[in-house]
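# Commentary on secondary and tertiary structure
What follows is each chain in one-letter form.
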Amino acid sequence: MSLQTHPTRSERAPVTVFGPDFPFAYDDWLTHPAGLGQLPASRHGTEVAIVGAGMAGLTAAYELMKLGLKPVVYEASRMGGRLRSQPFEGGQGVIAELGGMRFPLSSTGFYHYVHTLGLQSRPFPNPLTPAARCTVVDLEGETHWARTLADLPALFREVADAWASALEEGAGFTELQTAIRQRDVARVKALWNQLVPRWDDRTFYDFVAQSSAFQRLSFHHREVFGQVGFGTGGWDSDFPNSMLEILRVVLTGCDENQHYIVGGVQQVPMGLWRHAPTALHHWPQGTTLARLHQGAPRPAVKAIQRAANGQLEVTDAWGTARRYDAVLVTCQSWLLTTQIACEESLFSQKLWMALDRTRYMQSSKTFVMVDRPFWNDLRDNGWPVMGMTLTDRLTRGTYLFDNGPDKPGVICLSYAWMSDALKMLPYDTPKRVQLALDALRKIYPDVDIASHIIGDPITISWEADPHFLGAFKGALPGHYRYNHRMYGHFMQHDLPERERGIFLAGDDISFTPAWVEGAVQTALNAVWGIVHHLGGHSAPGNPGPGDLYPQIGPITLPE
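Scope of this entry: the structure provided in the associated data block. (Residues numbered from 1 in each chain as written. Predicted model: local features only at pLDDT ≥ 70, side-chain atom pairs only at ≥ 80, totals over all residues. Heavy atoms only, no water.)

## A closer look at the side chain of Asp507
Inspection of the secondary structure puts Asp507 in the loop between β22 (502–504) and α18 (516–533). Within the structure, the side chain of Asp507 is placed 2.4 Å from the side chain of Arg82, a separation counted as a polar contact. Contacts of Asp507, omitting those with residues within four sequence positions, involve Arg82, Phe472, Thr512, Pro513, Ala514, Trp515, Gly518 and Ala519. (Helix = DSSP H or I, 4+ residues; strand = E, 2+ residues; numbered from the N terminus. Polar contact = N/O pair within 3.5 Å; in protein donor to acceptor, adjacent residues only side chain to side chain. Contact = heavy atoms within 4.5 Å.)

Right, here's the structure in full:
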């Protein structure tokens, strides 16, 4: 549910994920005709290990291949990582998006690859957007039907106005977002660097509760804000998180103007695996990552250590050890202590502290395929029989996906986080579906959802998957220093020799966890780092992130 009252994007330059911690234009770097860099000819064909075939791993592998290296991708589970589009059996291509499913247009690095692959996107049916057609808000047993914010009771508009006022009061929202829109690096740095020490140690809830606007209102207003949220639904599960994390989301437009990828987002990483770039160094035209791997990645990584000759030795699940001059690790950081025997001396103790203190959030989804998009049927009063639903019941968010009147539709019966997700953790799929149907029946007593279900339901709890251990990072107060250490690790010129050559990427390494743009940007940081580690440099006239990092990198807080 969008609770923002700022001017529309069409009135100003578009917001992109440009900083605010490191305001580097990744989209411009990617599209520059000079390319991302150059390597010595003697390095062409050099193997580089990539641990993890998600968006970060395959972005880096794709770009490193273009530069003339030979990425060797390892994958423990399914390719695509948390971009997982699972087809329903017999569903004629109908899919459930088990991981990332909505992608803000401000994610220009990610959309660079979407467009490169010729994929299409459409507006996501978020609450109170035209794509949702109808939004149903059910709180404390009261149900409200709406197409816009104006259709809801005054209470909701009061909450929306209070949130906008809190952002202005606590973060100077308009001035800072304007600087991001205009890509005014100096202004972004000046404004954001003042906010980091102010809000690193304080929670999202503290920001809301202590703002003048919300203090003038009742506790119930804060409660409604937590249940209904802004942009993508209820965010009370984020109330304990550092306010810096929430500010990044709203400043860079991650909470609005979201699209889904037609046919499933897993097509993006898999497309990079199969795509033959036109601009290639060293490799013949038609080369793809799939061909370099004879069609499949190598098995799971079980150990990473420094070999006697100084290279990094990677051992896979079947005991095969191979040595590399550079290794990029893109799996979630906890796996370096639970799934992979990673030699301790490869990282400083300060960095190990950051990796181990990463806090992952839980997430649960339950999907069913239905015979048709029956929710478009109209009631006697002209409203659809169902709408995109936000509620304080255990389903929390219910989303409706219309694939056309002649194709089966999909309902995400429940999308929940943290404690609401944990409520589902012990139960099998039929029980989860039944619990969701029972909750929705209280909102729609005259709608027989179950009679429309076809095929087998699909559900996931990311925290139960041993290859992930959680859905995405949620930084707690005081975690800025940890994030800074992980994010800046690609700058290795000052590291001891024993710590060089192993790189980190992924949305949990970024300052924008849970958003795919963080995976893309940290992958590109690693590309720069690996190229320079192997004796290469940025292309003339197109400086990379590491070239500008000393001047415009994240502010350093005292230890």
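## Here we look at the sheet that holds strand β2 (residues 70–74)
With respect to topology, four strands assemble into an open sheet ordered β2-β1-β13-β22, the strand pairing being parallel. Of all strands in the sheet, those bounded by a partner on one side alone are β2 and β22. Neighbour-to-neighbour, the strand axes of the sheet open up by a mean angle of 20°, direction not taken into account. Summarising the sheet, strand β1 (residues 47–51) and β2 pair through five bridges and their orientation is parallel. Considered in β2, the bridge of Val48 is made with Pro71. Strand contacts of helix α2 (residues 55–66): β1, β2 and β13 (327–329), with the helix running at about 160° to β2, the strand carrying the most contacts. (Pairing = 2+ DSSP bridges. Axes fitted to C-alpha atoms, helices over the stretch in contact; angles between N-to-C directions.)

## A closer look at the sheet that holds strand β20 (residues 453–461)
Backbone-to-backbone hydrogen bonds pair the strands of a sheet. The strands run either parallel or antiparallel. Pairing in this open sheet of seven strands is mixed, and the strands run β8-β7-β17-β18-β19-β16-β20 from one edge to the other. What marks the edges here is a single partner per strand, and that holds for β8 (142–146) and β20. With direction set aside, neighbouring strand axes in the sheet form an average angle of 15°. In the sheet, strand β7 (residues 135–139) pairs with strand β17 (residues 388–391) via four bridges, with the strands oriented parallel.

## Topic: the pairing of β1
Looking along a regular strand, one sees the side chains alternate between the two faces of the sheet. Counting buried residues in β1 gives four out of five residues, a clear majority hidden from the surface. In this view, the connection linking β1 to its parallel neighbour β2 by way of α2 has right-handed handedness. As paired strands, β1 and β13 are joined by three bridges and run parallel to one another. Counted as the bridge partner of Val51 is Val329 from β13. (Buried < 20%, exposed > 50% of the residue type's maximum accessible area, 1.4 Å probe, protein only. Right-handed = clockwise from strand over helix to strand, strands pointing away.)

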